[in-house]
Amino acid sequence: MITKNARDVPPKHRREATRPPPGQRVLVARAMVRAALSIVAQLFLYYLLPFGRSLGGGVHAGLGIALAAALLAFAGIVGIQIRRIARSAYPGLRAAEAFAVSLPLFLLIFAGTYFVLGREQACAFTQAMTRTDALYFALTVFTTVGFGDIAPVTQTARIITMIQMLGNLVVVGLVAQIFLGAITAGIRRRASREPE
């Protein structure tokens, strides 16, 4: 019996052996397009939503309730994504798509919160917050870059920033672990259905 070493295989055939089949490439392309369209749609909505009327004197309570409701909705969306990953024929692909959709949503929830807080309390941050400034600040907090050009000043702004910092750890650590667990469950499920 003659076995071929990887060096004995011509380069063209090595490339073909590592490429996914054409059907899987289409699935990957579709998933990438869906994720990109979802991100664009989320950004589009972020810039177009009116973010409600003035909260008046109840800035703290109203903003806290809105943030809590948005984070609960985010947790529900993550839960739905986990079920879809576990039931998917391609759990790894579904998990990557879910993460690409969930992470921007998480960041936009905080960007919207910072924008509303900055609009309601001009002194909440070191500068006035536009929507782009709020998104920029949410991204710098998430990536832990912390340039320092925008910083929370009031207690409310600092508390919300701390909540995002803790949420970042949860999203990166726990949600990624849950997605990986769902991938494993999906692979096991699919393997148990395939005939040997």
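Residues numbered from 1 in each chain as written. Predicted model: local features only at pLDDT ≥ 70, side-chain atom pairs only at ≥ 80, totals over all residues. Heavy atoms only, no water.

### A closer look at the overall build of the protein
Working step 1: Secondary structure summary: the protein contains six helices and zero strands in total.
Working step 2: A burial count over the protein gives 32% of its 196 residues as buried.
Working step 3: Intrachain contacts of the protein at a sequence separation of at least 6 include 76% that bridge at least 24 residues.
Working step 4: Just so you have it, the protein exposes about 12200 Å², and 67% of that area is on carbon and sulfur atoms. (Helix = DSSP H or I, 4+ residues; strand = E, 2+ residues; numbered from the N terminus. Buried < 20%, exposed > 50% of the residue type's maximum accessible area, 1.4 Å probe, protein only. Contact = heavy atoms within 4.5 Å. Areas by Shrake-Rupley, 256 points an atom, 1.4 Å probe, with all protein chains shown as cover.)

### Focus on the packing of helix H4 (residues 91-120) against helix H5 (residues 131-142)
Working step 1: Interaxial distance between H4 and H5 falls to 8 Å at its minimum, and their mutual angle equals 125°. As judged from the angle between their axes, H4 and H5 are oblique. At the point where H4 passes H5, the crossing takes the right-handed sense. On H5, the residues touching Leu103, Leu107, Leu108, Ala111, Tyr114 and Phe115 of H4 are Arg131, Ala134, Leu135, Phe137, Ala138, Leu139 and Phe142.
Working step 2: The class makeup of the residues in the contact of H4 with H5 is 12 nonpolar, no polar and one charged. (Axes fitted to C-alpha atoms, helices over the stretch in contact; angles between N-to-C directions. Parallel < 35°, antiparallel > 145°, perpendicular 65-115°, else oblique. Left-handed = near helix turned anticlockwise from the far one by under 90°. Nonpolar A, V, L, I, M, F, W, Y, C, P; charged D, E, K, R; others polar.)

Limitation: the analysis is restricted to geometry and does not speak to function.
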